Amino acid sequence: LALALDPAVSLVQRAWPRGRSMPRALAILLVYILGLAALVFLTLHVFPPIVHDIEDLAHKVPSYVHDFEDWANNNQQFQELNDKYHITQKLTEQASMLPSHLSSGASTIGSFTVSLLEHLLAAITVITLTFFLLLDGRGMVARGTGRLPRIQRDRARRIADRVAEVVKAYVSVNLLLAIAAGFLTWVFLEAEGFHLALPLAVLVAFLDLIPLIGLTVGGFAVFAVLLIDGGPGDAIVWLIVFLVYQQAQDRVIQPLLYKGGALKVNPAVAIVAVIVGANLAGVLGALLAIPAAASLGVVIDELVFSGPAGAPGAEPEPAD
């Protein structure tokens, strides 16, 4: 988190009027406040419309089932299957029970909220540790490696610097691409007059942070919502726009942003890393998998393929 937030903190410091130096602690607090404000905004403007639409869908399901029954009664082949398996009767029973299922789901959400509050102390601890690492991370590295012999000290500091650059590059590029994908979604849905423009834009932006498959899942989720609650024409137009943007991002935009950067990971390694990360820690593990793999590559490169002086291929010094 400290490495991920460091570019934002540096940006806030540079935004301070020239001739003055903003205290780094103040810049960190401002970034925290902006993050909290974004969280409150999302809570107030994204989740209520989604909950409202789910409730409306639950109340409309019985009428959908009724329409399906009317169609089934006029279809001879389906009537034969229905007489044998009682399909429409089972659908009617399940549809009538859906509102009660949602009510029980509310109690489940309540339990989840209690569990979330129980972990509040852990979250405060993480935020506090991140604050101090942002405040004096470089000083900690310098002091922690200060007593090592010169060669080992230089190598340890190079590793720390390269890992920091890897994480910063990954976070900066992927956050920028996620914002761009979310903005594209919002512009398209607003132009179409779709009432879930902001929630779906946030969903696409969040999913785009997940490596390899996130953007695809987000784009087809919007397609499915438009197909159900919008119109087939809007859904098809969105699918075309999304596929064009996805190809542009994967083949042009992302390589240009990564070109010459610190983050260089083989695609096969990236896939394996994401699978392992997702199995170990779910979505968070998938988000952290690629920078973790790239950081491990930095360590291996420095310890195995670099000579004692740090130059790749350098001859080892003779033993005493």
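**Student:** Explain a nonpolar patch on the surface here, please?
**Tutor:** Taken together, the side chains of Leu176, Val252, Ile253, Leu256 and Leu257 define a hydrophobic patch exposed on the protein surface, amounting to about 430 Å² of accessible area. A total of four residues in the nonpolar patch trace back to one element, the largest contributor, which is helix H10 (residues 232–258). With respect to the helices and strands, Leu257 occurs in helix H10. Look at Leu257 and you get partly exposed, because its relative accessible area is 36%.

**Student:** How should the environment of Thr216 be read in this particular structure?
**Tutor:** Inspection of the secondary structure assignment puts Thr216 in helix H9 (residues 214–229). Along the backbone, Thr216 and Leu243 are 27 residues apart, and their C-alpha atoms lie at a distance of 8.8 Å. Those residues in contact with Thr216, other than ones at most four positions away along the chain, are Phe242 and Gln246. Among the polar contacts made by the side chain of Thr216, one reaches the side chain of Gln246 at a distance of 2.5 Å.

**Student:** What's the story with helix H2 (residues 24–45) in this structure? I'm lost.
**Tutor:** Because an α-helix packs 3.6 residues into every turn, residues spaced three or four apart end up facing the same way. The end-to-end C-alpha distance of H2 is 32 Å, a good match for the 32 Å that 22 residues give at a rise of 1.5 Å each. Considered for burial, the residues of H2 that qualify are Ala27, Ile28 and Val31. Take H2 and look down its axis: the buried residues cluster within an arc of 105 degrees, on one side only. In H2, the exposed residues that point more than 90 degrees away from the buried face are Ile33, Leu36 and Leu44. Of the surrounding secondary structure, the elements contacted by the buried residues of H2 are helix H1 (2–14) and helix H6 (120–145).

About the criteria used
Residues numbered from 1 in each chain as written. Predicted model: local features only at pLDDT ≥ 70, side-chain atom pairs only at ≥ 80, totals over all residues. Heavy atoms only, no water. Patch = residues over 30% accessible without salt bridge, like charges linked within 9 Å, V, L, I, M, F, W, Y side chains within 5 Å. Areas by Shrake-Rupley, 256 points an atom, 1.4 Å probe, with all protein chains shown as cover. Salt bridge = Lys/Arg side-chain N within 4 Å of Asp/Glu carboxyl O. Helix = DSSP H or I, 4+ residues; strand = E, 2+ residues; numbered from the N terminus. Buried < 20%, exposed > 50% of the residue type's maximum accessible area, 1.4 Å probe, protein only. Contact = heavy atoms within 4.5 Å. Polar contact = N/O pair within 3.5 Å; in protein donor to acceptor, adjacent residues only side chain to side chain. Expected span 1.5 Å × (residues − 1). Arc of directions from axis to C-beta.

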